[in-house]
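# Coordinate analysis (summary)
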Amino acid sequence: ETGVTQTPRHLVMGMTNKKSLKCEQHLGHNAMYWYKQSAKKPLELMFVYSLEERVENNSVPSRFSPECPNSSHLFLHLHTLQPEDSALYLCASSQTSVTSSYNEQFFGPGTRLTVL
Amino acid sequence: GQNIDQPTEMTATEGAIVQINCTYQTSGFNGLFWYQQHAGEAPTFLSYNVLDGLEEKGRFSSFLSRSKGYSYLLLKELQMKDSASYLCAVRVITGGGNKLTFGTGTQLKVEL
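Let me begin by describing the structure that accompanies this report. (Residues numbered from 1 in each chain as written. Chains lettered and ligands numbered in written order. Predicted model: local features only at pLDDT ≥ 70, side-chain atom pairs only at ≥ 80, totals over all residues. Heavy atoms only, no water.)

Our next topic: the overall build of chain A. Across its full length, chain A carries zero helices and eleven strands. Each helix and strand of chain A, placed in order from N terminus to C terminus, yields the pattern β-β-β-β-β-β-β-β-β-β-β. Over its C-alpha atoms chain A spans a radius of gyration of 14 Å, differing by no more than 12% from the 13 Å that the globule rule assigns to 116 residues. Counting the 116 residues in chain A, one finds 48% classified as buried. (Helix = DSSP H or I, 4+ residues; strand = E, 2+ residues; numbered from the N terminus. Rg over C-alpha atoms; globule rule 2.2 N^0.38 Å. Buried < 20%, exposed > 50% of the residue type's maximum accessible area, 1.4 Å probe, protein only.)

Another point: the interface of chain A and chain B. Facing 27 residues of chain A, the contacting portion of chain B comprises 21 residues. Between chain A and chain B, roughly 1800 Å² of surface is buried when both sides are summed, and carbon and sulfur atoms account for 55% of that area. Along the contact surface separating chain A from chain B lie zero salt bridges. Taken together, chain A and chain B are joined by two residue pairs in polar contact (both at pLDDT 80 or more). Mapped by element, the contributors of at least two residues to the side of chain A that touches chain B are strand S4 (31-37), strand S5 (44-50), strand S6 (53-57) and strand S9 (87-94) of chain A. Of the residues belonging to the side of chain A that touches chain B, the class tally is twelve nonpolar, ten polar and five charged. (Contact = heavy atoms within 4.5 Å. Buried area = accessible area lost by both parts, 1.4 Å probe. Salt bridge = Lys/Arg side-chain N within 4 Å of Asp/Glu carboxyl O. Polar contact = N/O pair within 3.5 Å; in protein donor to acceptor, adjacent residues only side chain to side chain. Nonpolar A, V, L, I, M, F, W, Y, C, P; charged D, E, K, R; others polar.)

Our focus in this paragraph is the nonpolar core. Core analysis: the largest hydrophobic core is formed by 22 residues, its most contacted members being Trp 34, Phe 64, Leu 76 and Leu 78 of chain A. Secondary structure elements with two or more residues in this core: strand S2 (10-13), strand S3 (18-25), S4, S5, strand S7 (64-70), strand S8 (73-79), S9 and strand S11 (111-115) of chain A. Residues Val 18, Cys 22, Phe 60 and Val 90 of chain B belong to the second largest nonpolar core, which totals 21 residues. (Core = buried A, V, L, I, M, F, W, Y, C linked by side-chain atoms within 4.5 Å.)

Attention now moves to the sheet that holds strand S1 (residues 3-5) of chain B. Residues and elements named next belong to chain B. The five strands are arranged S1-S3-S8-S7-S6 in an open sheet whose pairing can be described as antiparallel. The open sheet has two free edges, formed respectively by S1 and strand S6 (53-57), since each of these has just one partner strand. For this sheet, the mean inter-axis angle between neighbouring strands, taken without regard to orientation, is 15°. Sheet analysis places S6 next to strand S7 (residues 60-65), joined by five bridges and oriented antiparallel. From the neighbouring strand, Leu 54 faces S7, where its bridge partner is Phe 63. (Pairing = 2+ DSSP bridges. Axes fitted to C-alpha atoms, helices over the stretch in contact; angles between N-to-C directions.)

Time to look at the side chain of Gln 6 of chain B. All names here are of chain B. With respect to the helices and strands, Gln 6 occurs in the loop between S1 and strand S2 (9-13). Here Cys 88 takes part through its backbone nitrogen, which lies 3.1 Å from a polar atom of the side chain of Gln 6. Polar side-chain contacts of Gln 6 include one of 3.0 Å to the side chain of Thr 106. Among residues more than four places away in sequence, those in contact with Gln 6 are Ile 20, Asn 21, Cys 22, Trp 34, Tyr 86, Leu 87, Cys 88, Gly 103, Thr 104, Gly 105 and Thr 106.

This paragraph deals with the state of the cysteines. Residue and element names in this part refer to chain A. In this structure the tally under the stated criterion is two disulfides over all chains. The partner cysteine of Cys 23 in its disulfide is Cys 91, sulfur to sulfur 1.9 Å. Disulfide Cys 23-Cys 91: torsion about the S-S bond near -70°, hence left-handed. Taken together, the residues span a long stretch of sequence, with Cys 23 in strand S3 and Cys 91 in strand S9 at a distance of 68 residues. Cysteine Cys 68 is unpaired, with the sulfur of Cys 91 as its nearest cysteine sulfur at 9.1 Å. On the basis of relative accessible area, Cys 68 is assigned to the buried category, the value being 12%. (Disulfide = S-S within 2.5 Å.)

The values reported here are purely geometric and, on their own, carry no functional implication.
Spelled out as structure tokens, the structure:
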């Protein structure tokens, strides 16, 4: 059991729906991440939030909209998705410091998203 | 940009030793991580190398050569539960956060 939880674990949505993925970390970390994991492809970094500010946006389509209301919560709002967006969406958190030592990322269990 | 290569699949026998290689080309290298991911589960941290050499942690060891852009993960005394995907990830220096770039993962199958 990790200190990062994600809900829902599974989601099926149509292309016209609007839904949100939620991530919560209980580790006291100050950075949170969204990744997309598709079959046979590497984990793709989507967004990074550090101290609740978005510091990275990896050319993600605007139909994905992240929100980080505080250091413990991260959301991914979804609207008008395409079938190719079907994937496992993973949230992670880490403690980022200026001295930048270990700082490994702790992952949540993911949300398996299917877009019909 | 970053490029990370690792074999797609490997098969090994229970009780044996297996070495999973990872090569990378990157700028701003700031450490290499190995993660284990069982099917349908979250990746879990295994090891971290930032300096050249071998890091040992129980049955698992990881090696890094920065000059060669090369790392390997060594698993000893293989058990059936070690069947999983092993992800190599490189951390790069960036303006903010802690950015990891992952390889596609090596699917390890442990057989009797």
